[in-house]
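Listed below, chain by chain, are the residues.
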Amino acid sequence: MVLLIVVDQFRYDYLSRFGDLFGSRGIGRLTRAGASWTDANFDHVPTFTAPGHAVFMTGASPSQTGIVANEWYERETGRRVKSITDDSTMMLAGKPNEKGKGPRRLLCSTVGDELRLADRDRSKVIGISAKDRSAILPAGRRANAAYWFSTDNGNIVSSTYYFEHLPEWVVRFDNRHMADALFGARWDRLLPNEAEYLRRAGLDDVPWENLDKSSADTNFFPHVITGGSTAPDKPFYRALDYTPFSNDLLVAFAEEAIVNEKLGAGDETDVLSVSFSANDYVGHRFGPYSQEAMDMTLRVDQQIGKLLDFVDTRVGLGSSIVIFTADHGASPVPEQAALQNLAGRRYQKADLLKVAEEGLQARYARKDRPATDYIQTFQNRDETEAGLLNSNFYLNRAALQRDGLDLDEAERVLGEAVMKVPGVARYFTRRQLENNSISSADPVARRVLHGFYAQRSGDVIIVYEPYSIQFDPPDDPTDPRSSATHGSPYSYDTHVPLIIMGRGFAPGRYAQAAAPTDIAPTLAHVLGLEAPSCSVGRVLAEALTTARQSKVR
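Criteria and cut-off values
- Residues numbered from 1 in each chain as written.
- Predicted model: local features only at pLDDT ≥ 70, side-chain atom pairs only at ≥ 80, totals over all residues.
- Heavy atoms only, no water.
- Helix = DSSP H or I, 4+ residues; strand = E, 2+ residues; numbered from the N terminus.
- Rg over C-alpha atoms; globule rule 2.2 N^0.38 Å.
- Buried < 20%, exposed > 50% of the residue type's maximum accessible area, 1.4 Å probe, protein only.
- Contact = heavy atoms within 4.5 Å.
- Polar contact = N/O pair within 3.5 Å; in protein donor to acceptor, adjacent residues only side chain to side chain.
- Pairing = 2+ DSSP bridges.
- Axes fitted to C-alpha atoms, helices over the stretch in contact; angles between N-to-C directions.
- Right-handed = clockwise from strand over helix to strand, strands pointing away.
- 1 Å grid on protein atoms, 1.4 Å probe; cavity = no way out; pocket = protein on both sides within 12 Å on 5 of 7 lines; lining within 4 Å.
- Points joined across faces, edges and corners; volume = space filled by probe spheres on them.
- Core = buried A, V, L, I, M, F, W, Y, C linked by side-chain atoms within 4.5 Å.

A. Fine view of the overall build of the chain. Broken down by element type, the chain carries 20 helices and 23 strands. Here the C-alpha radius of gyration of the chain, 23 Å, is about what a compact globule of 553 residues would show, namely 24 Å. Here the C-alpha coordinates of the chain stretch approximately 75 × 50 × 50 Å along the principal axes. In the chain, which comprises 553 residues, the share counted as buried stands at 63%. Taking as baseline every contact in the chain between residues at least 6 positions apart, the subset at least 24 positions apart corresponds to 74%.

B. The arrangement of the environment of Arg200 in detail. Positionally, Arg200 belongs in helix α8 (residues 195-201). Linking Arg200 and Ser290, residues 90 residues apart in sequence, is a C-alpha distance of 8.9 Å. Those residues within four positions of Arg200 in sequence are excluded, and the remaining contacts are Arg17, Phe18, Asp20, Leu21 and Met294. Side-chain polar atoms of Arg200 contact the backbone oxygen of Arg17, separated by 2.6 Å.

C. Molecular detail of the sheet that holds strand β18 (residues 392-393). The four strands are arranged β17-β18-β20-β19 in an open sheet whose pairing can be described as antiparallel. With one partner strand each, in any of the chains shown, β17 (388-389) and β19 (424-429) form the two edges of the open sheet. In the sheet, β17 pairs with β18 via two bridges, with the strands oriented antiparallel. Across the sheet, the residue bridging to Leu388 is Phe393, located in β18. Relative to β19, helix α18 (residues 443-450) is tilted by about 45°, and along the sheet it contacts β19 and β20 (460-464).

D. Layout of the pairing of strand β3 (residues 71-74). For β3 and strand β4 (residues 79-82), the ladder comprises four bridges, and the chain directions are antiparallel. For Glu71, the partnering residue across the bridge sits in β4 and is Lys82. Linking β3 to β4, which pair antiparallel, is a turn of four residues; within it Gly78 sits at a positive phi near 70°.

E. A look at the environment of Ala181. Topologically, Ala181 is positioned in the loop between α7 (168-175) and β10 (186-187). Along the chain, Ala181 and Pro232 lie 51 residues apart, while their C-alpha atoms are 8.8 Å from each other.

F. Expanded view of the pairing of strand β7 (residues 125-129). In terms of residue burial, β7 counts as a mostly covered element, since five of its five residues are buried. Of the two faces of β7, the one carrying Val125, Gly127 and Ser129 and the one carrying Ile126 and Ile128 are both buried. For β7 and strand β12 (residues 271-276), the ladder comprises five bridges, and the chain directions are parallel. What sits directly across from Val125, in β12, is Val271. Examined bridge by bridge, β7 and strand β8 (residues 145-149) share three bridges and lie parallel to one another. When the sheet's bridge partners are listed, Ile128 is paired in β8 with Tyr147. As for the winding sense of the linkage, the β-α-β connection from β7 through helix α6 (residues 132-139) to β8 is right-handed.

G. Main features of helix α11 (residues 278-286). Of all nine residues that make up α11, nine are buried, and the element is covered over most of its length. Looking at the residues trailing α11, positive phi occurs at Gly287, about 90°.

H. Inspection of the environment of Ala356 at higher detail. With respect to the helices and strands, the residue Ala356 is situated in helix α14 (residues 349-364). When the C-alpha positions of Ala356 and Ser109 are compared, they lie 38 Å apart, and in sequence the two are 247 residues distant. Setting aside chain neighbours within four positions, we find Ala356 in contact with Ile375, Phe393, Leu414 and Val418.

I. Highlighting empty space enclosed by the protein. For the structure on display, the rule yields four cavities of 30 Å³ or more. Volume-wise, the largest cavity comes out at about 120 Å³. Around the largest cavity sit Phe149, Asn153, Gly154, Asn155, Ile156, Phe173, Asp174, His177, Met178, Ala179, Asp180 and Leu249, which together line it.

J. Just the nonpolar core, in detail. Counting residues in hydrophobic clusters, the biggest one holds 128 residues, and the most contacted among them are Leu3, Phe10, Tyr147 and Ile304. With ten residues, the single largest contributor to this core is helix α12 (residues 291-314). Once you skip the residues sitting within four places of it in the chain, Leu3 turns out to touch Leu272, Val274, Leu307, Leu308, Val311, Ile321, Val322 and Ile323. Formed by 27 residues, the second largest nonpolar core is a distinct cluster that contains Tyr364, Leu407, Leu414 and Tyr464.

If you want it as structure tokens, here you go:
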């Protein structure tokens, strides 16, 4: 079996900051028995969940996979869409008449897809996560199933992209209502006293954590999980995502999947992708230098240990390949960064839009053309919103053409206007990226280029200075806003763990530069497969043993 373990928002430095506190069964086992690359970085922006999860098993950048962000504006339909939006499907175990999700927007094949093509669908490929995109994208377009957690009803759900009805074992799991049993659960520190947390993460109750109080939580331990409700409901299920208990549910479900789908028990290689999302939710709320982030890291070590023990018992780690990585890192809360004499600034979407609109009007407006509609608008649910998302500005090409204006010039005018905002470092235009008129020796420009897909990206892309961050409002207005986030081309967002443990890989630390795009071609090489269709990564040959030609059984 191939087991991909992703911990959402697990910065590389968590290994050094907390590694001596890890046990021997989880991440500690992986670092001891696996091949570990100390300089593994994503080479694209934005460093978000969906683009990262699309990289692991395709070996390709967003410029090829088309997964340029968690969501983007779709010019063809004039609406805001998610990376896994698929209105041709329906949800299973979700809300009544709810549209489903699927991987159709993923343009490249995955390792799992290539496996099933090679053995005429005898291999099984399953993705599991609390987040829909994190379950769907690594599994690929030919996967047997993807499952995720619904914050509407507390169920594990899927969609008709994979099957008409949920398997009976999933129905039985949902009928246990394990999430409901966690109502009122108390999350306290794992370690017996606070001294270790104070030494490594600082004070617990600090003003820059949890800036949005709609979460109905405190910014200090203990956290009692109710979501402000008196019984399990949507606010409670959403609050559960921000706790280690969400990861516990994920492990329990993964164990059920291994047993009921008989993963690793047949003659062919199966693939299971498990992505732990709770760490990301906690990082967004409290920041990467918080006691909560530290505690989540220690707990996910134990949770991974439990999963690895189960795999060892049911399948055997000796006949498995385990990959451990993360989809991105995180920047500190801007207000905390500023207190540390770092240039931390927090920007809101409305602030940047105002500057951009004023710049366009200053250049183009006159009595017969007010230049008020040169930024494209899109539908999002029942609202109309201006086209700025993921630090991408979308220009209204029809309006510019109507007024006889040059699109390339308008891009430059907008970019120069936004450059006047303190904290904005650079801008890139659609024309510049389409023509590839940048130097590959410029790491920031290269990462912007690797994150650009013309049909889905904007016309002007903004890059901020380190620690200066634009916070887009949440897609669901009832969701709490983030204290900290990620998405930049800087090391705190790009540098992630990359560990591979299993037959064919020599344990040790490797200093060669690597990237998550290297995972897929390396797996394809070891499994004797054609590399996924868009793969651009390299085979991590420095860690391969003489057993690398053996096919995993």
